[in-house]
Amino acid sequence: MLKIENKADIFHYRALLFILCFSLFSLLGRYFYLQVIDFERHFSKSQVNSVKALTTYAPRGLILDRHGEILVDNYPTYILTVTPHDLEDRDIEFEKLSSIIDIDLEELNRRYKKYYRGRFLPTTIAKNLTFQQISQIEEMRLEFPGVQYERSDERIYSPILNDAHFLGYLREVDRDTVPKLDKTLLYRAGELIGWQGIEKEYEKELRFSKGVDYIEVDTYGREIFRLSDNNIPAFPGKDLSLTIDANLQRFSRSILEGKKGSVLVSNVDTGEILSMVSSPSYDLSVYRGTTSENEWNDLLKNKDNPLLNRSIAGLYPAGSKLKLITVIDLIANSLVDPSDSLMCTGVYIPPGSTNEFRCWQEEGHGLVDLNKAIAQSCNIYFYETVQLISLKDWTDTAKKFGFNEPTNVDLPNEKDGLIPDKDFYVKNYGRWGWSERGVLLNLTLGQGDILITPIQALRFINHIASRGVTPQLRLNLSKEISYYEKIEYPEKIWDHIWDGMYDVVNADLGSGWRARLDSSDIKLFGKTSTAENPHGEPHAWFIGFFDAQDTTYSIVVMVENGGGGGAVASPIAGDIVEYYINSSKFLAEN
Amino acid sequence: MFLDQFASGTTKDSVIRLFFIIAGLIFFSLVTLYSISDDPLSFNSSFYRQCIFLIFSSIVFFVVKNIPIKIIHDNSTLIFIGTLILCIIPFFLPRVEYTYRWIDLGFFYIQPSEYLKCATVVVVAKYLSNHQLEVKDNSIIIIPCLLTLLSASIVLNQPDLGTAVIIFAPLLPMLLWAGVSNFTIFLMIAPIITILAASNIIFFTVWAFIMFCFFLTFQASVVNKTILYFANIFTGLLTPFLWNNLADYQKQRILTFLNPDLDPMGSAYHIIQSITAIGSGGLFGKGWGAGSQTQLKFLPVQESDFILSVIAEEFGFFGISCVMLLCFLLIKTLLDIAFRSSDYFASLVIVGLASILLSHIFINSAMTIGLMPVKGLPIPFISAGGSFLLSCFIMIGLVINFSKN
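Draft legend 1. Representation of the overall build of chain B in the model. Looking only at helices and strands, one finds 17 helices and 2 strands in chain B. Per-residue burial for chain B yields a buried fraction of 47% across its 405 residues. Excluding contacts between residues fewer than 6 apart, the proportion of contacts in chain B whose partners are at least 24 apart in sequence is 68%.

Pasting the structure below:
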């Protein structure tokens, strides 16, 4: 080794000494500030720190049907979390845990890695533990440092009604969503929140209120005793009774089995919805977290779209039920005499055009008056007479009945639908790309650009059945009744419409004769529609109402791509009405 | 200067003093570990393990103490490369706690980057001592910088930001000690300050002006000075883009450090609990084994990263002052030995090791009182942990070994 003389400079020695003194004195200064000057504050904070505040939970409110049958219940499960820093030997503890909770070690390690957030933050490693498993872990408490469990209720659905879209589901809130939620409900990331349907709409009522337990802990973090003086108890959420009749819902559901579509039944006098079916459907328990990725993808990719609540968010052309809008305009403005007849030859050629517009009955209906035009749904009658109405009058009347706007039923994500007006046509077809006469030929049949939801059809039929004064549709039994805006027309208009709808079902050639009730003298009023659409077979519609024991009920049946309204939707409506008036609950209630 | 008075006495006195100082620190360590162990005499307690590590480390210490300095000097490059390879091995092993820092020996985890710190100091010292005559030449700094950068970048990828910072710490003191010109030293510090100042336009402007004044006073060609000056300014302007390249957890730590109240149960949890523990200790502390924060386990990683907080809670400001005094004396004694050493290489190594120890002390304490982001760096001789204790003993072994001539 080459020996080199050290020539360290006293200046360098002093420079390093200065750095040493400076850094250590600045540290000591900070310690002095914290420990002597700011002592009181930190000391009082440390006194509180040995008392832990534990959040306590209570069950979420149940959802019941109108007769008290439980539709959505809770069952207690536990989730298991570990705090990585407090684990003494992860491998040994996981091995013991895996034999108790019956999940293999590999899976536990996988979840631990997946959900690991930090050494001091609880990591969820298992869900849906039973009380027995928890008791077993509790017995061996000292062997599991760093392992905790929390109660977490899961929703359980009545087995026969586990696929009702309107019930909705719960979802875990994530960190990013929490700040956007109602502060007073005290959400924390990972907690469940109503995310769809009734669960979302009535979140505030259904959600429990959190409580706080103060406990003193020892050196192991074990509870020494509860300081019960300042505890805030947790309160369960309120139970919610729905207007739904569980039996009727089950029956309507079974009758739509294998079809796509929607059934709605309501009490016209109160706005209560007795049944709301959307088909195809899916088991709501897929949201409980045990669903595999494949099952999920199947649900999402299914072209029949089972996740969609067709009753409020499915958009369809309306079909000939909107002929009634034309009828109202015709009589209200005295444009035709209801007893005047037109000749239906099966073909209509608008003046100045060569296009042929055909009636659904190719050989024609012969002489047709207003009543027959409604009952047999004659197209030619309405092609001719709609020429007397202006587009604005027609769309205004349609909008008066609640089309083009949500019905405000108490469910989230309702669709508006569409009644195209002048602005719409100018915007979409250009100033000269359409003619008022031409579009009215489509509109009067409820075709063209018109889109409605089944629940809008329900509101429409309720307006007719109540002659203009009908309460808002609702699912919450205890919600106060409020009315839609009153629709005022002379009684004779309602009479003409009622007469026509009576004949639809009860006259010999009525298009909805298949809905006739054989076993009862209750008379059904109705209107069929066969809504043409570019996606295949026409949508089959039936809307109707009936009086039974001083109460008016209404029904909407829609079968997506089902075919003719008379052939497909009418018999379904008839069956459902027949079932309902004969069901014991209905009889007992009245 | 009165501080020079401590430098009086012989190197032999200093070595004896060193033994007493380290014994004092270890005493504090064991007393504290005994207090926080649930069952101090069981094999799994940190107290018991630390005792075993102490015995093992002492043996290694005596071995290192007696290796002839010539062997270390001549083989320093080999030692450096060997340690570097050890640091790369974990990348090919399964991860431990989500990082590539440790090699699992079954009974014991070894963290090779601990020894890379010493090896880098030794290899840099050897280079500087071999090129002592060119020390006034600016290009002398290139090789030491590259060596340090190489070590640091491997450690940074493990990832271990704390140790990477520590690897950089001895560079400037050693260059200063070696006699590199003040201008060169300034050129090395300037970019760091530039980057720190870049976050704020006012700081940056003031710093640009100060830097301009400095450049005026130094003697170098105008062209060189202009280029260097603007290189600094550009670095400052680029900093915001570099910031975006940091890992999320690194950004998170820095941001949490700037505003600890942001996320009280997340990353700032450590700092808040630590400050509460320290502050509640008061002048004389809550007494041995009576610290409520510590004993109730509100204080995290209390046996290593946050052991100073335990001392502060249980023994108060008085206890912390004793620890700080011991730390001061430790570094001071090392500097004394380095100053008096007749050998250039030995002197440089000792200054480098002293810098490592001081940065550990500073960063660890600053972290416990919220002056620095949480780095996970232990404090020498006090924190529990076998790998680190061993490396501290090796450092002191080298110092005593090198002080002999």
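Picking up after the structure, the text goes on.
Draft legend 2. View of the overall build of chain A. Summing up its helical and strand segments, chain A has 20 helices and 19 strands in all. Put simply, chain A has 590 residues, and 38% of those count as buried. Of all intrachain contacts in chain A linking residues separated by at least 6 positions in sequence, the fraction that spans at least 24 positions is 70%.

Draft legend 3. Expanded view of the sheet that holds strand β18 (residues 536–548) of chain A. All names here are of chain A. Overall, antiparallel pairing links the 5 strands, which are arranged β12-β11-β19-β18-β17 in an open sheet. Of all strands in the sheet, those bounded by a partner on one side alone are β12 (273–279) and β17 (524–533). On average, each strand axis in the sheet is inclined to that of its neighbour by 10 degrees, with strand direction left out of account. Seen against the sheet, helix α8 (residues 246–255) touches β11 (261–267) and β12 and runs at an angle of roughly 30 degrees to β12.

Draft legend 4. Spatial organisation of the packing of helix α1 (residues 11–36) of chain B against helix α2 (residues 46–66) of chain B. All names here are of chain B. Axis separation between α1 and α2 bottoms out at 8 Å; the angle between their running directions is 150 degrees. Taken together, α1 and α2 sit at an angle that is classed as roughly antiparallel. Here α1 contributes I26, S29, L30, L33 and Y34 to the contact with α2, which in turn contributes S46, F47, Q50 and L54.

Draft legend 5. Here's a closer look at the nonpolar core. Among the nonpolar cores identified, the biggest contains 110 residues, and V265, I461, V556, V557, A569, A573 and I576 of chain A are the most heavily contacted of them. Setting aside its immediate chain neighbours within four residues, V557 of chain A contacts V263, W541, F542, A569, I572 and A573 of chain A. Of all hydrophobic cores here, the second largest spans 107 residues; its members include Y13 of chain A together with V180, L334 and I379 of chain B.

Draft legend 6. Quick look at the confidence of the model for chain B. Residues and elements named next belong to chain B. Looking at chain B, the pLDDT average stands at 83 and 91% of residues meet or exceed 70. Per-residue pLDDT stays below 50 along residues 260–267; that stretch engages in 15 contacts with residues further than four places along the chain or on separate chains. Confidence metrics for the complex model read pTM 0.58 and ipTM 0.86.

Draft legend 7. Just the packing of helix α3 (residues 90–101) of chain A against helix α4 (residues 105–115) of chain A, in detail. All names here are of chain A. Following both chains from N to C, one finds α3 and α4 inclined at 120 degrees, their axes separated by 9 Å at the closest point. The angle between α3 and α4 places the two elements in the oblique class. Here α3 and α4 pass one another in a crossing that is right-handed. Counted together, F94, E95, L97 and S98 of α3 and L105, L108 and N109 of α4 form the full contact between these two elements. Among the residues forming the contact of α3 with α4, the class breakdown is 4 nonpolar, 2 polar and 1 charged.

Draft legend 8. Main features of the environment of L97 of chain A. As for its placement among the helices and strands, L97 of chain A is situated in helix α3. Residues within four places of L97 of chain A in sequence aside, it is in contact with L108 and V147 of chain A.

Draft legend 9. Structural view of unusual backbone geometry. Residue and element names in this part refer to chain A. Going from S279 to P280, the amide bond is cis rather than trans, its omega being 0 degrees. Tracing the chain through its elements places P280 in the loop between β12 and α9 (293–301). Located in the positive-phi region is N404, a residue other than glycine, with phi close to 75 degrees. Tracing the backbone shows N404 in the loop between α14 (391–400) and α15 (422–429). Classification of N404 by C-beta neighbours within 10 Å gives partly exposed; the count is 19.

Draft legend 10. Seen up close, helix α10 (residues 201–217) of chain B. Residue and element names in this part refer to chain B. Given a rise of 1.5 Å per residue, 17 residues ought to cover 24 Å, and the 25 Å separating the end C-alpha atoms of α10 matches this to within 8%. The complete set of buried residues in α10 reads W207, M211 and F215. All buried residues of α10 lie within an arc of 80 degrees about the axis, which places them on one face of the element. Projecting away from the buried face of α10 at angles above 90 degrees are the exposed residues I202, T205, V206, F209, C213, L216 and T217.

Draft legend 11. Spotlight on helix α5 (residues 113–130) of chain B. Taking 1.5 Å per residue as the helical rise, α5 of chain B with its 18 residues ought to reach 26 Å, and the 26 Å between its terminal C-alpha atoms agrees with that figure. Judged by how many residues are buried, α5 of chain B sits mostly within the fold: 16 of 18 residues are covered.

Draft legend 12. Structural view of the environment of N182 of chain B. Summarising the element assignment, N182 of chain B is placed in helix α9 (residues 182–197). Among the residues examined, N182 of chain B registers 12 C-beta atoms within 10 Å and is labelled exposed.

Draft legend 13. Structural detail: the environment of Y483 of chain A. All names here are of chain A. Within the element layout of this structure, Y483 appears in the loop between α17 (454–465) and α18 (491–506). With 10 residues separating them along the chain, Y483 and L473 place their C-alpha atoms 8.9 Å apart. Other than its neighbours up to four places away in sequence, Y483 contacts V469, T470, P471 and Q472.

What counts and what doesn't
- Residues numbered from 1 in each chain as written.
- Chains lettered and ligands numbered in written order.
- Predicted model: local features only at pLDDT ≥ 70, side-chain atom pairs only at ≥ 80, totals over all residues.
- Helix = DSSP H or I, 4+ residues; strand = E, 2+ residues; numbered from the N terminus.
- Buried ≥ 20, exposed ≤ 12 C-beta atoms within 10 Å, placed from the backbone.
- Contact = placed C-beta atoms within 7 Å.
- Pairing = 2+ DSSP bridges.
- Axes fitted to C-alpha atoms, helices over the stretch in contact; angles between N-to-C directions.
- Parallel < 35°, antiparallel > 145°, perpendicular 65-115°, else oblique.
- Core = buried A, V, L, I, M, F, W, Y, C linked by C-beta atoms within 7 Å.
- pLDDT = per-residue confidence, 0-100.
- Left-handed = near helix turned anticlockwise from the far one by under 90°.
- Nonpolar A, V, L, I, M, F, W, Y, C, P; charged D, E, K, R; others polar.
- Expected span 1.5 Å × (residues − 1).
- Arc of directions from axis to C-beta.

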